[in-house]
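# Structural description and commentary
Okay, here's what each chain looks like letter by letter:
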Amino acid sequence: AGVDVYVPAPAVLKQRYLEIRDLRQDERVVTVVEVLSPSNKRPGIGRDDYVTKRGRLFDSRTNLVEIDL
């Protein structure tokens, strides 16, 4: 039979992302790689912030890669 294991979540969650820049064009961000976290996906301030950031990227010439594990 399986065993339930509970791992406490940290009070503060850091959002991780990677920016890829074009060094020939004044270090312009060309691609952002986002690893989605639970706070990006659940209703609340984390989701609201991410949706705003994603909207800014969609309105720019920057590519967005989302990784959802």
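Every residue gets a number counted from 1 within its own chain, in the order that chain's sequence is written. The predicted origin of the model limits local features to residues at a pLDDT of at least 70 and limits the giving and counting of side-chain atom pairs to 80 or more, whereas totals for whole chains, interfaces and linings rest on all residues. Only hydrogens and water are set aside when side-chain values are computed; all heavy atoms of the structure are taken into account.

Turning to the packing of aromatic side chains, a few remarks are in order. Note on aromatic pairs: the rings of Phe, Tyr and Trp (six-membered ring only in Trp) are paired at centre separations within 6.5 Å, and the planes decide the class, stacked below 30 degrees, edge-to-face beyond 60, tilted for the rest. Within the structure shown, the criterion is met by zero aromatic pairs. For a ring to carry a charge above it, either NZ of a lysine or CZ of an arginine must fall within 6 Å of the ring centroid while also lying within 35 degrees of the normal to the ring plane. Against the face of Tyr 17 rests Lys 53, its NZ or CZ located 3.7 Å from the ring centre.

A few words now on the pattern of salt bridges. By definition here, a salt bridge exists when the distance from a side-chain nitrogen of Lys or Arg to a carboxyl oxygen of Asp or Glu is within 4 Å. All told, the structure shown has five salt bridges when counted by the stated rule. For Glu 66, the salt bridge is made with Arg 54, and the minimal N-O distance between the two is 3.7 Å. Residue Glu 66 is found in strand S3 (residues 63-67), and its partner Arg 54 is found in helix H2 (residues 45-58); the two are separated by twelve residues along the sequence. Relative accessibility decides the category of a residue: with a 1.4 Å probe and only protein chains considered, values under 20% of the type maximum give buried, values over 50% give exposed, and everything between is partly exposed. Judged by its relative accessible area of 36%, Glu 66 is partly exposed. Working definition: helices are DSSP H or I runs of at least four residues, strands are E runs of at least two. Numbering for both runs from the N terminus.

Let us now look at the sheet that holds S3. Strand pairing is defined by DSSP finding a minimum of two bridges between the two strands. Taken together, three strands build an open sheet; the order of strands is S1-S2-S3 and the sheet is mixed. Both outer strands of the open sheet, strand S1 (17-22) and S3, are each paired with one neighbouring strand and no more. Sheet twist, expressed as the average angle between the axes of neighbouring strands with direction ignored, equals 15 degrees. By the bridge criterion, five bridges tie strand S2 (residues 28-35) to S3 in an arrangement that is parallel. Opposite Val 35, over in S3, you have Ile 67 as the bridge partner. Any pair of residues with heavy atoms lying within 4.5 Å of one another is described as a contacting pair. For every element, the axis is a line fit to its C-alpha atoms; helices are fit only across the contacting stretch, and the angle between N-to-C directions ranges from 0 to 180 degrees. Across the sheet, H2 lies against S1, S2 and S3, angled at about 145 degrees from S3, the strand it touches most.

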